[in-house]
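Listed below, chain by chain, are the residues.
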Amino acid sequence: FFINHHGPLPVDTGGMCGGEATAFNLLKLIANNAHSGDVAILVGDFNAGPQAQTLQSLGSRLHNVYTGNSFGGVDNVLSSCPNMVATQNLGSGGSDHDALEAVIQL
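Residues numbered from 1 in each chain as written. Predicted model: local features only at pLDDT ≥ 70, side-chain atom pairs only at ≥ 80, totals over all residues. Heavy atoms only, no water.

Engineer: How should I be thinking about the environment of His35 in this particular structure?
Structural biologist: Note that His35 resides in the loop between α1 (19-33) and β2 (41-45). A relative accessible area of 59% places His35 in the exposed class. (Helix = DSSP H or I, 4+ residues; strand = E, 2+ residues; numbered from the N terminus. Buried < 20%, exposed > 50% of the residue type's maximum accessible area, 1.4 Å probe, protein only.)

Shown next as structure tokens:
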């Protein structure tokens, strides 16, 4: 089950409802839509660094398998499966964020 997320602003706040609520809503979306046995892969610009409540709360259920460098680590790949084969930062390619590659063995 693949989800792309673009987090709320300002950075590290989780938006109007806060980081814990943002994480709860993402996890609820996964629980309500993924099928039994699915691996959940959640990627995107979370607008939250590694120490922000959003990623801390998501980390209670998902593995943060790769974090980019842009804007203090707001770009992330999280998965319910921790079996990483390879990760690579592919650079900006014209964006203000880095393109991230993560290979997960299912």
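Engineer: Please explain the pairing of strand β1 (residues 2-6) as it appears in this structure.
Structural biologist: Within a regular beta strand, the side chains point alternately toward one face of the sheet and then the other, so they alternate between its two faces. Judged by which residues are buried, β1 turns out to be one-sided: Ile3 and His5 face inward and are buried, whereas Phe2, Asn4 and His6, on the alternate face, are not. A crossover connection joins β1 to the parallel β2 through α1; in handedness this β-α-β unit is right-handed. (Right-handed = clockwise from strand over helix to strand, strands pointing away.)

Engineer: What should I look at first to understand the side chain of Asp98 in this one?
Structural biologist: Tracing the sequence through the fold places Asp98 in the loop between β5 (84-89) and β6 (100-104). Buried within the structure, Asp98 lacks any salt-bridge partner; its nearest side chain of opposite charge belongs to Arg61, at an N-O separation of 29 Å. Non-local contacts of Asp98, meaning those with residues more than four positions away in its chain, are made with Asn69, Ser70, Asp75, Asn89, Gly91 and Ser92. (Lys, Arg positive; Asp, Glu negative; His and termini not counted. Salt bridge = Lys/Arg side-chain N within 4 Å of Asp/Glu carboxyl O. Contact = heavy atoms within 4.5 Å.)

Engineer: What exactly am I supposed to notice about unusual backbone geometry here?
Structural biologist: A negative phi holds for most residues other than glycine; trans holds for most peptide bonds. Leu9 connects to Pro10 through a cis peptide bond whose omega is -5°. Topologically, Pro10 is positioned in the loop between β1 and α1. The phi dihedral of Asp12 falls on the positive side, at around 70°, and the residue is not glycine. Along the chain, the position of Asp12 falls in the loop between β1 and α1. The class for Asp12 is partly exposed, based on a relative accessible area of 45%. Phi angles above zero are rare outside glycine, and Phe71 is one such case at about 50°. With respect to the secondary-structure elements, Phe71 resides in the loop between β3 (63-67) and β4 (75-79).

Engineer: How do you make sense of the side chain of Asp45 when you look at a structure like this?
Structural biologist: You can see Asp45 is positioned in strand β2. The buried charged residue Asp45 lacks any salt bridge partner; its closest oppositely charged side chain belongs to Arg61, at an N-O distance of 23 Å. When residues no more than four places from it in sequence are discounted, the contact partners of Asp45 are His5, His6, Gly7, Val74, Asp75 and His97.

Engineer: Sorry if this is basic, but what is going on with the sheet that holds β2 here?
Structural biologist: Note on sheets: strands pair through backbone hydrogen bonds, and any given pair is parallel or antiparallel. One open sheet accounts for four strands, arranged β1-β2-β4-β3; its pairing is mixed. Every other strand in the sheet has two partners, leaving β1 and β3 as the edge strands with one partner each. Each adjacent strand pair in this sheet contributes to an overall mean axis angle of 20°, direction not counted. (Pairing = 2+ DSSP bridges. Axes fitted to C-alpha atoms, helices over the stretch in contact; angles between N-to-C directions.)

Engineer: It is not clear to me how the nonpolar core should be interpreted in this structure. Could you clarify?
Structural biologist: Generally speaking, nonpolar side chains in soluble globular proteins are found buried as a group. One finds Leu42, Phe46, Leu58, Leu62 and Leu78 to be the most contacted residues of the largest nonpolar core, which totals 13 residues. Taken together, the elements giving at least two residues each to this core come down to α1 and α2 (53-58). Broken down by element, the residue count for this core peaks at three residues, all from α1. For Leu78, the residues in contact, after removing those within four places along its chain, are Ala40, Ile41, Leu42, Phe46, Leu55, Leu58, Leu62, His63, Asn64 and Val65. Within the second largest apolar cluster, seven residues are counted, among which are Ile41, Val43, Tyr66 and Val77. (Core = buried A, V, L, I, M, F, W, Y, C linked by side-chain atoms within 4.5 Å.)

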